[in-house]
Amino acid sequence: MLFFHTTGINMAAANYLTSEDQFLCSICLDVFTDPVSTSCGHNFCKDCITEHWDRSDRCQCPMCKKEFNTKPELQVNTLFSEMVAQFRQSAQQKASSSSSEQQVFRPGEVPCDVCTETKLKALKSCLVCLTSYCETHLEPHLTKSVLKRHQLIDPVENLEDRMCPKHDKPLELFCKTDQTCVCMLCTVLDHKMHDVVPLKEGYEGKKSALGKTHAETQQMIQKRQLKIQEIKHSVDLSQEEAEREIAEGVQVFSTLKESVERGQANLINTIKEKQKTTENQAEDFIKELEQEISELKKRSSEVEQVTHSEDHLHLLQRFMSLKVAPPTKDWTEVSIHSSHEGTVVRAVVQLEETFSKEMKKLLEAELKRVQRYAVDVTLDPDTAYPELILSGGGKQVSHGDVKKNLPDNPERFSYYYCVLGKQSFSSGRFYFEVQVKGKTEWNLGVVRESINRKGDITLSPQCGNWTIWLTNGNEYKALDDPLVLLSLKSQPQKVGVFVDYEEGLVSFHDVNAAALIYSFTGCSFTEKIYPYFNPSMNDGGKNSAPLIISPVRVN
């Protein structure tokens, strides 16, 4: 009988394997654990039905709703328990046989919460069950009508985070007022009267906002990528300019070196040739002197012989022939003079002329280079001292004798006869030219934005201005610290002003002579800088000519 009983169980379990929902507890929706039966014939997990009755106000069957006056005594269904055990074993064997076909859980992936031995990779997570399932354990959610209503999402970890920590209910709503996820009880208690929407609606709103943020972020990335390309292009241009400057510098220095070597060789050859001429002249003098000495010695010997003669007749006869002296040269004024003096000086002067020619070429090239950064500058009437006259479409300024009644706005200078350009610069390079022809006094350059406009101005780089100044008709000064007196070969008729913001350079050029007037180097620019113009006082008409911002024409 025992054998027959066991065989019957196995046959029954085999028949039930095709209907898995009969082995699922209607309370926990999982395979029965310690199944028990009620008096109405329904089966539940022992813990599930016990906990259900403990939490409920009335004692009734969760399936048929039959009420019991007293909590019924639960009976263990031995046969059904064995069938459930058989089903569990069969399901585990099935899971084990299919595990080779499914992906085994790896670090960084979400594991199945149901697998007990080899953890498989979860395919979905259930927001109702708060459980992640592999392909095998997910099947009930795909086939059972009760479980199909559950919300499945792509597998995620920490499903408990999706439960309200205060009420232990699913976070299925979104409070737009507090910008947080809430459960149903939260809307009644803590978020009453708040703007609460379903989680999906909040999701779509935030997803749309994130889409905009993503687009904006991508745009910012694109702008920065373009800036990187721009910087790299600038570096390439700088490299090309550096190579060009090196090539030009090598060429200039090679030319100067050749000039020096050639001048040195010519100097040495000239001195040697002069020395050779001196030596030849001395040699000729010496030969001539030696010949005369020889003749004089011969005559001296003859005279000495006659002097010792005792023969009266012979002495008198010889005396007449000796009286005629051989022709002699007066060597008193004859001398050898060195002709080397001044040779080195003349050679250096010639070398200096060569250097000047090369320097002029360089200055002309430099002027052409800075003229490439020409900008259109116009005068700003809101900054002009009230006695200044602006004309020519904002391109000319001169001093008038009458102080106009103008608004004393913060930008206007009220102490110095100056005006600024409308254009400001806080990076890069720029260049402009100003005609100063016919003036006896003027002040030009650039100043920082915060320069004092209502009182005295100390003209120096430390006070935020970089200018040069003409006074008394022919005295030029660079208002550096200390002040620098300038010695110019000619009076400039047109002055070019060049600024390299990053390099900290302000240079002034005599445009017509293509000569450098002065350079402020190592300047520290920390704010906007403006072109600065001061035509100075009219001086009874002596200084009436205007300062004129001229269009830049490359020479």
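Within each chain, residues carry numbers counting from 1 in the order of the written sequence. Local features are withheld for residues below a pLDDT of 70 in this predicted model, meaning they are given only at 70 or higher, and side-chain atom pairs are given and counted only at 80 or more; totals for whole chains, interfaces and linings count all residues. Computation of side-chain values covers all heavy atoms of the structure but excludes hydrogens and water.

## Looking at the overall build of the protein
Quick reminder of the rule: Only DSSP runs of H or I reaching four residues or more are called helices, and only runs of E reaching two or more are called strands; each is numbered from the N terminus. Two things to know: the radius of gyration comes from C-alpha atoms, and the globule rule equals 2.2 Å times the number of residues to the power 0.38. Three exposure classes are used, based on accessible area relative to the maximum for each residue type with a 1.4 Å probe and protein chains only: buried under 20%, partly exposed in between, and exposed over 50%. Contacts are assigned to residue pairs with any non-hydrogen atoms lying within 4.5 Å of each other. Computed by Shrake-Rupley with a 1.4 Å probe, the accessible areas treat only the displayed protein chains as cover when residues are assessed.
A tally of helices and strands in the protein yields nine helices and 22 strands. Relative to a compact globule of 555 residues, whose C-alpha radius of gyration would be 24 Å, the protein shows 56 Å and is clearly more extended. The principal-axis extent of the C-alpha atoms belonging to the protein is close to 200 × 85 × 35 Å. In the protein, which comprises 555 residues, the share counted as buried stands at 31%. Restricting the contact set of the protein to residue pairs at least 6 apart, pairs at least 24 apart contribute 56%. Of the accessible surface of the protein, which amounts to about 35,500 Å², a share of 53% is contributed by carbon and sulfur atoms.

## As for the sheet that holds strand E3 (residues 75-76)
Threshold: Between any two strands, pairing holds if DSSP finds at least two bridges. Every axis in this analysis is a line fitted to C-alpha atoms, fitted for helices over the stretch in contact. Angles between the N-to-C directions lie between 0 and 180 degrees.
The three strands are arranged E2-E1-E3 in an open sheet whose pairing can be described as antiparallel. Looking at which strands have only one partner, the edges of the open sheet turn out to be strand E2 (43-45) and E3. The sheet contact formed by strand E1 (residues 35-37) and E2 spans three bridges and is antiparallel. Bridge pairing in E2 places Pro35 opposite Cys45. Packed on one face of the sheet, helix H2 (residues 46-55) meets E1 and E2 and runs near 90° to E2.

## Regarding a nonpolar patch on the surface
Spelled out, the test is: Here the term patch refers to residues with relative accessible area over 30% and no salt bridge, with like charges joined within 9 Å and nonpolar side chains (Val, Leu, Ile, Met, Phe, Trp, Tyr) within 5 Å. We define a salt bridge as a contact between a side-chain nitrogen of Lys or Arg and a carboxyl oxygen of Asp or Glu at a distance within 4 Å.
A contiguous nonpolar surface patch, about 270 Å² in accessible area, is contributed by Leu185, Val188 and Leu189. In this fold, Val188 is placed in helix H6 (residues 184-188).

## Considering the pattern of salt bridges
Enumeration over the complete set of coordinates arrives at 14 salt bridges. A salt bridge links Glu109 to Lys121; its shortest N-O distance comes to 4.0 Å. A residue pair is termed long-range when its members are at least 10 positions apart, and Glu109 in the loop between helix H3 (78-99) and strand E4 (124-126) and Lys121 in the loop between H3 and E4 qualify at 12 residues. Here Lys121 falls in the partly exposed class, since its relative accessible area comes to 27%. Put simply, Asp376 and Lys395 hold a salt bridge, and the shortest N to O gap is 2.4 Å. Here Asp376, found in the loop between helix H9 (343-371) and strand E10 (388-391), pairs with Lys395, found in the loop between E10 and strand E11 (396-399); they are 19 residues apart in sequence, far enough to count as distant. When salt bridges with common partners are traced through the structure, they connect Glu241, Glu366, Arg369, Arg429 and Asp500 into a single cluster.

## Brief notes about unusual backbone geometry
Residues other than glycine predominantly adopt negative phi, and peptide bonds predominantly adopt the trans conformation. Following Asp481, the chain continues into Pro482 via a peptide bond in cis, with omega recorded as 5°. Checked against the element boundaries, Pro482 lands in the loop between strand E16 (475-478) and strand E17 (484-486). In this structure, Lys65 takes a positive phi of about 70° despite not being glycine. With a phi close to 55°, Gln179 is a non-glycine residue in the positive phi region.

## Some points on the sheet that holds strand E22 (residues 547-550)
With respect to topology, seven strands assemble into an open sheet ordered E10-E11-E22-E13-E18-E19-E20, the strand pairing being antiparallel. Looking at the sheet topology across the chains shown, the edges are occupied by E10 and strand E20 (515-520). Sheet twist, expressed as the mean angle between neighbouring strand axes with direction ignored, is 20°. The pairing of strand E13 (residues 429-435) with E22 spans three bridges and is classified as antiparallel. Note on E22: the bridge partner recorded for Gln435 is Ile548. Docked against the sheet, H9 engages E13, strand E18 (494-500), strand E19 (505-510) and E20, running at close to 110° with respect to E13.

## Observations regarding the pairing of E22
In E22, alternate side chains face the same way, and those of Leu547 and Ile549 on one face and Ile548 and Ser550 on the other are all buried. As defined by bridge partners, E11 adjoins E22 across two bridges and the pair is classed as antiparallel. Counterpart to Val397 in the pairing with E22 is Leu547.

## Re H9
Our working rule: One less than the number of residues in a helix, times 1.5 Å, gives the span that helix is expected to have.
Over its 29 residues, H9 runs 42 Å from end to end, which matches the ideal 42 Å to within 8%, given 1.5 Å per residue. Burial in H9 covers these residues: Thr343, Glu358, Leu367, Arg369, Val370 and Gln371. Elements in contact with the buried residues of H9: helix H7 (199-307), E13, E18 and E19.

## Some thoughts on the pairing of E11
Taken together, the four bridges between E10 and E11 define a ladder with antiparallel strand orientation. Across the sheet, the residue bridging to Leu388 is His399, located in E11. Counted along the chain from E10 to the antiparallel partner E11, the turn is four residues long, and its residue Gly392 has a positive phi close to 60°.

## Describing the packing of aromatic side chains
The description of two aromatic rings rests on the distance between their centres and on the angle between their planes. This is how it is decided: Ring pairs are drawn from Phe, Tyr and Trp, using the six-membered ring of Trp, whenever the two centres fall within 6.5 Å, and their geometry is named by plane angle: stacked under 30 degrees, edge-to-face over 60, tilted for the rest.
If you walk through the whole model with that rule in mind, you get 13 aromatic pairs. Each ring, one from Tyr373 and one from Phe498, has its centre 6.0 Å from the other, and the planes form 45°; the classification is tilted. Separated by 125 residues along the polypeptide, Tyr373 in the loop between H9 and E10 and Phe498 in strand E18 bring together distant segments of the chain. You can call Phe498 buried: its relative accessible area is 0%. Plain terms: the ring middles of Tyr501 and Phe525 are 5.2 Å apart, the flat faces sit at 35° to each other, and that makes the pair tilted. Here the residue Tyr501 occupies a position in the loop between E18 and E19, and Phe525 occupies one in the loop between E20 and strand E21 (529-534), the gap between them amounting to 24 residues.

## Observations regarding H7
Taking 1.5 Å of rise per residue, 109 residues should cover 162 Å, and H7 covers 155 Å from first to last C-alpha, within 8% of that figure. Residues Gly202, Glu241, Val252, Leu256, Ser259, Leu267, Thr278, Phe285, Glu292 and Val306 constitute the buried set of H7.

## Observations concerning the nonpolar core
Where we set the bar: Among the buried residues, those of types Ala, Val, Leu, Ile, Met, Phe, Trp, Tyr and Cys that are joined through side-chain atoms within 4.5 Å form a nonpolar core.
If you look at the biggest cluster of nonpolar residues, it comprises 36 residues, and the most contacted ones within it are Trp442, Val495, Val506 and Phe533. For Val495, the contacting residues outside a window of four places in its chain are Phe432, Glu433, Val434, Val436, Trp442, Leu444, Ile468, Phe508, His509, Val511 and Ile517.

## Looking at the state of the cysteines
We count it as follows: Disulfides are defined in this document as cysteine sulfur pairs within 2.5 Å.
Per the counting criterion, the structure on display carries zero disulfides. Between Cys463, a cysteine without a disulfide, and Cys523, which holds the nearest cysteine sulfur, the sulfur-to-sulfur distance is 14 Å. We classify Cys463 as partly exposed; its relative accessible area is 29%.

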